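# Fold and geometry: a report
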Amino acid sequence: MSSCRLTELYDKASKHSQYQVLASPIRSVMDGVSGNVRSRWEEERLHFMLSRLSFDDATIADVGGNTGYFTLELIERGVRKALYIEGNKAHSEFVREAVSLLGWNDRVDVVSRYLSFEEDGDRFEVDVCLLLNVLHHVGDDYGVGVRSVSQAKSAILDSLRQLASMAKYLVFQLGYNWKGDIRHPLFENGEKREVIDFIRYGVDEYWDIESIGIAERLSGGRVVYSEVGARNIGRDDRLGEFLNRPLFIMRSKKRGPLSVA
Ligand SMILES: C[S@@+](CC[C@H](N)C(=O)[O-])C[C@H]1O[C@@H](n2cnc3c(N)ncnc32)[C@H](O)[C@@H]1O
């Protein structure tokens, strides 16, 4: 196993899509990366998660883990065991090699398939599940049979309900458009409030929303996620669609006792 091979695999994964920046443990063992990786504010999102949840000795699942940023960064921050699940083979192959090169095979399980989110489908039990920017792809990457926005919305809620018996905490983000296509908005006005109400009332019996992070750009240009409030709840078109997506921290009403603070 070599870091050259890792670079090759990353280039291959990047051809499909460059989504995440690379986690620092991978950067330390890689020869160099070709191409420009566009950040989706991974560090800023991680910072918010770390400010709201303790990952010490926790088990996590990273569903739609992409090139492993959150899985690997969280292993460095005390996670005992991670389950990385990714349907895109180029991404999962890259993470498998990275994990092996880092000598972390006993700490990260790499699952190379799309999670079905069906009742009788894959099951796991973890302290924290990360489900970031995956569910609006239902009917595309996974979830055959979902053919309309209303079916997509009900499948999204079903998936969240399903996860309430599998994780104590959920870190969740959702795009505004079904399959990322602006011709198929999931919310009439594209407002944060609509997303928050949809999730809050849709999964009320399953999850408590403990915290909601909202991205804001500070005067120096830096982006930070801070707690939702009157000041930041309005849609901010200057930030673009991604940064308008609320970052939910939810606590299961179906799992316990809780070990993660
Ligand atoms: C938009 S990217 C988000 C990546 C990452 N979660 C983040 O927020 O930085 C969605 C990723 O989820 C993967 N994916 C989509 N549906 C999935 C599923 N049902 N099971 C596992 N991976 C999935 C895609 O291949 C892609 O890598």
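Presented here is an overview of the structure given in this document. (Residues numbered from 1 in each chain as written. Predicted model: local features only at pLDDT ≥ 70, side-chain atom pairs only at ≥ 80, totals over all residues. Heavy atoms only, no water.)

## Thoughts on the packing of helix 3 (residues 42-52) against helix 4 (residues 69-76)
We apply this condition: Only the stretch in contact is used when fitting a helix axis, every axis being a line fitted to C-alpha atoms; angles between N-to-C directions are given from 0 to 180 degrees. Secondary structure elements follow DSSP: runs of H or I of four or more residues count as helices, runs of E of two or more count as strands, with numbering from the N terminus. An angle below 35 degrees is treated as roughly parallel, one above 145 as roughly antiparallel, one from 65 to 115 as roughly perpendicular, and anything else as oblique. Rotating anticlockwise by less than a right angle from the far helix to the near helix defines a left-handed crossing, while the corresponding clockwise rotation defines a right-handed one. Here, residues are in contact when the closest pair of their heavy atoms is within 4.5 Å. Charged residues are taken to be Asp, Glu, Lys and Arg, nonpolar residues to be Ala, Val, Leu, Ile, Met, Phe, Trp, Tyr, Cys and Pro, and polar residues to be all remaining types, Gly included.
Here helix 3 crosses helix 4 at 45°, and the two axes come no closer than 11 Å. If you check the angle between helix 3 and helix 4, you find them oblique. The interaxial crossing formed by helix 3 with helix 4 has right-handed handedness. Of helix 4, the residues touching helix 3 (which contributes Glu42, Glu43, Arg45, Leu46, Met49 and Leu50) are Tyr69, Phe70, Glu73 and Leu74. For the contact of helix 3 with helix 4, a count of residues per class yields six nonpolar, no polar and four charged.

## A few points about the site of the ligand
Rules: Here a residue is near a molecule or strand as soon as one of its heavy atoms is found within 4 Å of it. Pairs of N or O atoms are called polar contacts if they sit within 3.5 Å, as long as, within protein, a hydrogen donor faces a hydrogen acceptor (for residues adjacent in sequence, only side-chain-to-side-chain pairs). To be clear on the numbers: accessible area is Shrake-Rupley with a 1.4 Å probe, and residue cover counts the displayed protein chains and nothing else. Only protein atoms enter the 1 Å grid, on which a cavity is a set of points fitting a 1.4 Å probe that cannot get out and a pocket is an open set with protein on both sides within 12 Å along at least 5 of 7 lines, lining residues being those with an atom within 4 Å of a point. If over half the atoms of a molecule are within 2 Å of the grid points of a cavity or pocket, the molecule is regarded as sitting in it.
Around the ligand, the structure places 21 residues, and the nearest of them are Arg45, Glu86, Leu115, Leu132 and Asn133. Asn66 is positioned such that a nitrogen or oxygen atom in its side chain is 2.9 Å from an oxygen atom of the ligand. At 3.3 Å, a backbone N or O of Gly87 approaches a nitrogen atom of the ligand. When the ligand is considered free in solution it has 600 Å² of accessible area, and contact with the protein chains removes 95% of it. Judged by its atoms lying within 2 Å of the grid points, the ligand is housed in the largest pocket.

## As for the environment of Phe55
As for its position among the elements, Phe55 is in the loop between helix 3 and strand 1 (59-63). Here the alpha-carbon distance between Phe55 and Leu218, two residues 163 residues apart in the chain, equals 27 Å. If near-sequence neighbours (up to four positions away) are discounted, Phe55 is found in contact with Met49, Leu50, Ile60, Leu74, Arg77, Gly78, Val79 and Val128.

## A look at helix 6 (residues 149-163)
Our working definition: What a helix should span is 1.5 Å times the count of its residues minus one. Type-normalised accessible area, obtained with a 1.4 Å probe on protein chains alone, sets the label of each residue: buried when under 20%, exposed when over 50%, and partly exposed for intermediate values.
Between the first and last C-alpha of helix 6 there are 21 Å, a value that for 15 residues agrees with the 21 Å anticipated at 1.5 Å per step. Along helix 6, the residues that are buried comprise Ala152, Ala155, Ile156, Leu157, Ser159, Leu160, Gln162 and Leu163. Contact partners of the buried residues in helix 6: strand 4 (126-132), strand 5 (167-173), helix 7 (192-202) and strand 6 (207-217).

## Some details on helix 4
In terms of residue burial, helix 4 counts as a mostly covered element, since seven of its eight residues are buried. Listing the buried residues of helix 4 in full gives Tyr69, Phe70, Thr71, Leu72, Glu73, Leu74 and Ile75. In the segment just after helix 4, Gly78 is the residue with positive phi, at about 105°.

## Overview of unusual backbone geometry
Located in the positive-phi region is Asp57, a residue other than glycine, with phi close to 65°. The backbone of Asn133 sits at a positive phi, close to 65°, despite the residue not being glycine. Relative to the helices and strands, Asn133 is located in the loop between strand 4 and helix 6. Residue classification places Asn133 among the buried positions, given a relative accessible area of 6%.

## As for empty space enclosed by the protein
Think of a ball as big as a water molecule: rolled over the atoms, this probe shows where empty space is left. Spelled out, the test is: Grid points are joined across faces, edges and corners, and a volume is the space filled by probe spheres set on the points.
For the structure shown, the criterion picks out one cavity of 30 Å³ or more. Size it by volume and the largest cavity reaches roughly 30 Å³. In terms of lining residues, the largest cavity is bounded by Leu115, Ser116, Phe117, Glu118, Asp122, Gln162, Leu163 and Met166. Classifying every residue of the lining of the largest cavity gives four nonpolar, two polar and two charged.

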